[in-house]
Amino acid sequence: MKKIRMAVIGLKTFGKNAHVKAIVANENAELVAVCDIVEEIAKKVADEYGVDYYLDYKELLKREDLDAITIATPDQVHREIAVAAMEAGKDVLCEKPLALSVADCKAIIEASKTYGRKLMVGQICRLAPSFILAKELIDRGEIGEIFFIESEYAHDYAKKVGPNWRFDPTSPRHPVTGGACHAMDLMRWIAGDPIEAFAYGNKKMLAACPTDDCVIAVMKFPNDVIGKMFTSIGCKRRYTMRTCIYGSKGTIIVDNTSADLSLFKSEVAGSEMFAPSIEHQALEIKIPVRAVKHNIHDEMRDFINCILNDTDPLTDGIEGAKTVAACCAIVESTETGEKAKPDYSFAD
Ligand SMILES: NC(=O)c1ccc[n+]([C@@H]2O[C@H](COP(=O)([O-])OP(=O)(O)OC[C@H]3O[C@@H](n4cnc5c(N)ncnc54)[C@H](O)[C@@H]3O)[C@@H](O)[C@H]2O)c1
């Protein structure tokens, strides 16, 4: 079978540790080149895998033996590289967030339509075994009708503070759009596209952050579902995307780092055998799950398979852009003090 010839752009952390490894591990793909603006980084990875390296992605894109690229550069340059790659006839797997603004997302979606290229966004929560199980349980009615969903992006960026793209005051990467797009994507996957948001933000943890470093947002989802999202990039906790989904028949509490999911049910076969005092409380069923916070191998497999089989990727440009649009509405609300509606006009 034909192998998809691929290159990774942006290598320092996620590109080298996740994208490169996932491509090399995939039997239907071949890593042919890597690219980074820092020569030391690019050369080291190229030497390790015995492939060519480039310092300028435009030079890389001239290669005719290249089918697809993955983007693991700072969020601020996703648009520029994604558009150029599709114009050059390459399929694209772009790290989350697709971009930092709806306008940039629109340009990327437009390029994928114009040049007829595959575009996948690395919204990796949809590939975490725990979240997949939660979605399956919800879809088969285990918790009944959802009335409330909450998720969070709780992270501590204290060690990342410095003169880098995450804290660039000239081109701010808001933590809601840049980081909590994970939690937002998860909520959208389960509850649909938020209709309206209201949010408060503050900055009490990371003085160097050009924006708020903590935001609490409440949202209206379709079917009268209420949502809440907590974003913090300075909190003193372990990285987590703990998510609670409340339904008429049960509740799910799940995250991306634990080895089990909690399903609370009021009606469980055999519950009549428990003492009467317990009967009125929901029973907790702990279901074991594989704890994989970055299931990059399945993400890469999905992208490669969609090229090989000419199918749609799990999270296409529209999905990635809707997540960005919902995050941007939250940021807008923190700035105006008013409710804000996400701009989904690109999906019309
Ligand atoms: N899916 C996830 O859970 C996850 C986790 C971490 C990071 N990310 C995303 O991955 C991307 C990279 O994050 P990171 O932590 O690896 O960042 P990083 O700063 O560690 O690495 C980025 C690399 O891109 C290079 N670069 C910058 N501009 C470039 C350009 N124009 N052309 C080529 N290379 C360029 C830099 O030199 C650097 O080596 C971001 O979009 C981030 O949001 C996703």
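All values derive from a computational prediction rather than experimental measurement.

S.K.: Please clarify how helix 1 (residues 14-25) should be interpreted in this entry.
M.R.: For an α-helix the count is 3.6 residues per turn, leaving residues at separations of three or four pointing the same way. For helix 1, which comprises twelve residues, the first-to-last C-alpha distance of 16 Å matches the rise-based estimate of 16 Å (1.5 Å per residue) to within 8%. Along helix 1, the residues classified as buried are G15, K16, A18, H19, V20, A22 and I23. For helix 1, the secondary structure elements touched by its buried residues are strand 1 (4-9), strand 2 (29-35), helix 2 (39-49), strand 4 (68-71) and helix 10 (296-308).

S.K.: Can you help me understand the sheet that holds strand 12 (residues 250-254) in this one?
M.R.: Pairing between the strands of a sheet is mediated by backbone hydrogen bonds and can be parallel or antiparallel. Across the sheet, which stays open at both edges, the eight strands sit in the order 8-9-10-7-11-12-13-14 with mixed pairing between neighbours. Two strands bound the open sheet, and with one partner strand each, they are strand 8 (196-202) and strand 14 (283-288). This sheet shows a mean twist of 10° between the axes of neighbouring strands, independent of strand direction. In terms of strand pairing, strand 7 (residues 146-154) meets strand 11 (residues 243-247) through four bridges, oriented antiparallel. Of the residues in strand 11, the one forming a bridge with E150 is C244. Against the sheet, helix 6 (residues 129-139) makes contact with strand 7, strand 11, strand 12, strand 13 (260-265) and strand 14, and its axis sits at roughly 170° relative to strand 12, the strand it touches most. Taken strand by strand, helix 11 (residues 317-336) contacts strand 8 and strand 9 (214-221), and its axis lies near 60° from that of strand 8.

S.K.: Would you mind going over the site of the ligand with me for this structure?
M.R.: The full set close to the ligand counts 24 residues, and G10, K12, T13, F14 and E95 are the nearest of them. Its residues assigned to classes, the shell around the ligand comprises twelve nonpolar, seven polar and five charged.

S.K.: Help me understand the sheet that holds strand 3 (residues 52-54) in this model?
M.R.: Spatial ordering of the open sheet is given by 3-2-1-4-5-6, a layout of six strands whose pairing is parallel. On the outer flanks of this sheet lie strand 3 and strand 6 (119-122), each paired with one strand and no other. Sheet twist, expressed as the mean angle between neighbouring strand axes with direction ignored, is 25°. Inspection of the sheet shows strand 4 paired to strand 5 (residues 91-95) by four bridges, in the parallel sense. Within the sheet, the bridge partner assigned to A68 lies in strand 5 and is D91. Contacts between helix 4 (residues 78-87) and the sheet are confined to strand 1, strand 4 and strand 5, with strand 5 contributing the most and set at about 170° to the helix.

S.K.: Would you explain the domain arrangement of the chain in this entry?
M.R.: When the parts of a complex come together, some accessible area is lost, and that lost area is often used as the size of the interface. Taken domain by domain, the chain holds domain 1 (4-124 + 295-315) and domain 2 (126-291 + 325-336). Distance between the C-alpha centres of domain 1 and domain 2: 28 Å. Every contact between the two is made by 15 residues of domain 1 and, on the other side, 13 residues of domain 2. Taken together, the residues that form the side of domain 1 that touches domain 2 break down as six nonpolar, five polar and four charged.

Here is what the cut-offs are and how they apply
- Residues numbered from 1 in each chain as written.
- Predicted model: local features only at pLDDT ≥ 70, side-chain atom pairs only at ≥ 80, totals over all residues.
- Helix = DSSP H or I, 4+ residues; strand = E, 2+ residues; numbered from the N terminus.
- Expected span 1.5 Å × (residues − 1).
- Buried ≥ 20, exposed ≤ 12 C-beta atoms within 10 Å, placed from the backbone.
- Contact = placed C-beta atoms within 7 Å.
- Pairing = 2+ DSSP bridges.
- Axes fitted to C-alpha atoms, helices over the stretch in contact; angles between N-to-C directions.
- Near = placed C-beta within 6 Å.
- Nonpolar A, V, L, I, M, F, W, Y, C, P; charged D, E, K, R; others polar.
- Domains from an automatic or database assignment.

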